[in-house]
Amino acid sequence: MALKMMLLGLMVVAALAKPELEAEESADPQYYSKYEPKYPSYPKPSYKPSYPAYPAYPDYKPSYDHSYKKENYYCDPRTPPKCANASATFCLSDYEYPAQDIQYAIEYDPLVLKKYADVAVQSADNLIAGVTALQEKNFDYSHYKGKFYEEGNWVGGEGYICPSDVIYARPKRALNVDGEWRVIVQDVAYYTQTQRVETCLFAGASCRTLAPCHRSSCVQKYVYHRMLSFDPCNTYRGLFIDIFKLPSACSCRIPA
């Protein structure tokens, strides 16, 4: 009987010690066996997908030849632009005018209003004493050819003694005093720059209605204008003031 009770006690002690052993083994990281998940296997598709073939494009070739840079006057400020003829110093129209670049320059220039100034409405009414805009418009020099002894030198209606062509211009490109062509800020947003330009019709010819003994001649006069400009060859300059020489009057000169 005592032996049975001893065996029963040992069994109880063993049963109580087993959970502690299992807890120690579970705390050991080496206790866990490596888990390898098993994914279901799917059969490979028996079809082969087909994709449309891409079209073959020819190799890109620029439309200009190797001499393009030599012919590209746009970034050579001393070469006249296409809008100018052989003797012109300004352009009133320009199909290559960089309006978008100038628009960007205006938007990013906080001082543009301090640089800009213009009197948009100009005429003889506010620039010439004693002559109205209508009178100046109706001056007729169709008979005058610039020669002393021709009838056209003596006949004709009201007008200047040296016939001239007067326009109130808004140039888009002009030649500055340094001999470089600049783009003028013109008709972008609400910005305009108006100049009175008067050009002799017959520079060097005799003055109208004067006798040959005076040895008179018509001479072209110029004036310097400051205009808000843009250099398309150096956009980092932004907008700046440049100086231009434009025809301003045609005067009669009598030598000593």
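Residues numbered from 1 in each chain as written. Predicted model: local features only at pLDDT ≥ 70, side-chain atom pairs only at ≥ 80, totals over all residues. Heavy atoms only, no water.

A word on the sheet that holds strand 6 (residues 217–230)
Line of reasoning, step 1. With respect to topology, five strands assemble into an open sheet ordered 1-3-4-6-7, the strand pairing being antiparallel. Lying at the two open borders of the sheet, with one neighbouring strand each, are strand 1 (90–91) and strand 7 (239–253).
Line of reasoning, step 2. With 14 bridges joining them, strand 6 and strand 7 adopt antiparallel strand pairing. Bridge assignment links Val223 to a residue of strand 7, and that residue is Leu246.
Line of reasoning, step 3. Sheet strands in contact with helix 3 (residues 99–107) are strand 4 (181–184), strand 6 and strand 7, and its direction is about 60° off that of strand 6. (Pairing = 2+ DSSP bridges. Helix = DSSP H or I, 4+ residues; strand = E, 2+ residues; numbered from the N terminus. Contact = heavy atoms within 4.5 Å. Axes fitted to C-alpha atoms, helices over the stretch in contact; angles between N-to-C directions.)

Details of the state of the cysteines
Line of reasoning, step 1. Evaluated as defined, the whole model comprises four disulfides.
Line of reasoning, step 2. A disulfide bridge connects Cys83 with Cys91, and the sulfur atoms are separated by 2.2 Å. On the sign convention where negative is left-handed, the bridge of Cys83 and Cys91, at about 85° about the S-S bond, is right-handed.
Line of reasoning, step 3. Cys83 gets classed as partly exposed once you look at its relative accessible area, which sits at 24%.
Line of reasoning, step 4. A disulfide bridge connects Cys207 with Cys252, and the sulfur atoms are separated by 2.0 Å. Linking Cys207 and Cys252, the disulfide has an S-S dihedral of approximately 110° and is accordingly described as right-handed. Here Cys207 is found in the loop between strand 5 (195–200) and strand 6, whereas its partner Cys252 is found in strand 7, with 45 residues between them in sequence.
Line of reasoning, step 5. Residue class for Cys207 comes out buried when judged on its relative accessible area of 0%. (Disulfide = S-S within 2.5 Å. Buried < 20%, exposed > 50% of the residue type's maximum accessible area, 1.4 Å probe, protein only.)

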